[in-house]
Amino acid sequence: MKISVCIPSYMRPKLLLEAIQSALNQSTPPFEILIGDDSPDDATEELIRSIAPQGVKIRYWHHKPSLGQAQNVQHLLQHAEGEVISLIHDDDRYRPEAFAMLIKPLQMHSNVIATFGKQKIISESGIEDDNDSNELNNGHFRTSDRAGIVHNTIECGILSMFPNNGFFVRREVAQAIDYVDDEKASTACDYNFGLRIGQFDRALWFCDEFVADYRITTESVARSGSDAAYFAFKLATELISRSKVEITPAINTFLKSQVRVAIYVGARISPFDALNWYFSRWHRQSILSLGGIKRGALLLVAICRHRRPPTSD
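This one's a predicted model, so the numbers in the text were calculated from it and none came from an experiment. Position numbers for residues start from 1 in each chain and track the written sequence from start to end. The model is predicted, so local features are restricted to residues of pLDDT at least 70 and side-chain atom pairs to those at 80 or more, both for listing and for counting; the totals for chains, interfaces and linings are taken over all residues. For the side-chain quantities, the full set of heavy atoms in the structure was used; hydrogens and water were omitted.

Quick notes on helix α1 (residues 13–24)
The end-to-end C-alpha distance of α1 is 16 Å, a good match for the 16 Å that twelve residues give at a rise of 1.5 Å each. For α1, every residue scored as buried is listed here: Leu15, Leu16, Ala19, Ile20, Ser22, Ala23 and Leu24. Looking at the buried positions of α1, the neighbouring elements they touch are β1 (3–9), β2 (32–37), α2 (43–50), β5 (93–94), α4 (98–108) and β9 (203–215). Each helix corresponds to a stretch of at least 4 residues labelled H or I by DSSP, and each strand to a stretch of at least 2 residues labelled E; elements are numbered beginning at the N terminus. By definition here, a helix of n residues has an expected span of 1.5 Å times n minus one. Burial classification: accessible surface area is computed with a 1.4 Å probe over protein chains only, and a residue below 20% of its type maximum counts as buried, one above 50% as exposed, and the rest as partly exposed. Any two residues whose heavy atoms approach within 4.5 Å at even a single point are treated as in contact.

Now the structure itself:
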């Protein structure tokens, strides 16, 4: 099966080179690597010209003006020509033998539309953090007891068990999804993609192996910590309400672990959403705690500010 690797990039040529080499070094090589460059300068373009493709087609687009993260990824997905599409961010990288592990279930099971594995957290300089990696994967229920076919795919999406990088998806599925989705997901566009995959009602496959490195950089922390917690929680709870999703113990545990941050961020973005979550089943048991009282005070201030009429100059 031909593999298309999609890499959105923005002003990180050195890290991008690591991502590209991690794909080229696989024992099962990709058919093509697609790079969407949103950088305002030409450093990445010069880097791409210097790469020896090693028999792999490298396709490159330099977007001026930049498309933004979601539009950039959407452009790459729609231009991919392989039977299977994989997404890796420019500051992340594949681990050895990732392709061989991820492609096998797609070759063996026609009902499986996507495969994914665990993520290893690495520092900006590439140092692995085993403790944080275990915490990350356990928090998203990427555990040994769930290895193999994933039948409850909606639960998989809600739990963010389906990761934001290193996955394999059949091209017809990936290209049927609007990654931008009218911008309603904002900075949670990766999370929204996993939710949408889960709604195809076809099997996924979880490989209980580390297949991708997830690099924690200053930029990635700022990006993921901006509005993503609010939008991801909003997407998940709206899906549950709209589609009458069964609230499994795992979903219940996960949303309880996410609601506090969602309320804090929501107080700034949409205090009335945050107020609904404050009294929801996910947070109700924490209302009388010290943290719950602090969140309540924060919401009260945010709502008063929201309702205050603007002053005239």
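Considerations on the pairing of β9
Both β5 and β9 contribute to a ladder of two bridges, which runs antiparallel. Within the sheet, the bridge partner assigned to Arg93 lies in β9 and is Asp213. Two strands pair when backbone bridges link them, and strand β7 (residues 148–150) and β9 are joined in this way by three bridges, in the antiparallel orientation. Each residue of the ladder has a partner; that of Gly148, found in β9, is Phe206. DSSP calls a pair of strands paired once it identifies at least 2 bridges connecting them.

Considering the packing of aromatic side chains
Classification of ring pairs uses Phe, Tyr and Trp, with its six-membered ring standing for Trp, and accepts pairs whose centres are within 6.5 Å; under 30 degrees between planes counts as stacked, over 60 as edge-to-face, and the remaining range as tilted. Inspection of every chain in the model, using the stated rule, returns eleven aromatic pairs. Placement of a charge over a ring requires the Lys NZ or Arg CZ to be within 6 Å of the ring centre, with the centre-to-atom vector within 35 degrees of the ring normal. Above the ring of Phe210, the side-chain terminus of Lys118 is found at 4.5 Å from the ring centroid. Its end group placed over the ring of Phe210, Lys120 keeps NZ or CZ at 4.1 Å from the ring centre.

Things to note about unusual backbone geometry
The omega angle of the peptide bond from Lys64 to Pro65 is 0°, so this bond is cis rather than trans. Unusually for a residue other than glycine, Glu97 sits at a positive phi of about 70°. Here Glu97 lies in the loop between β5 and α4.

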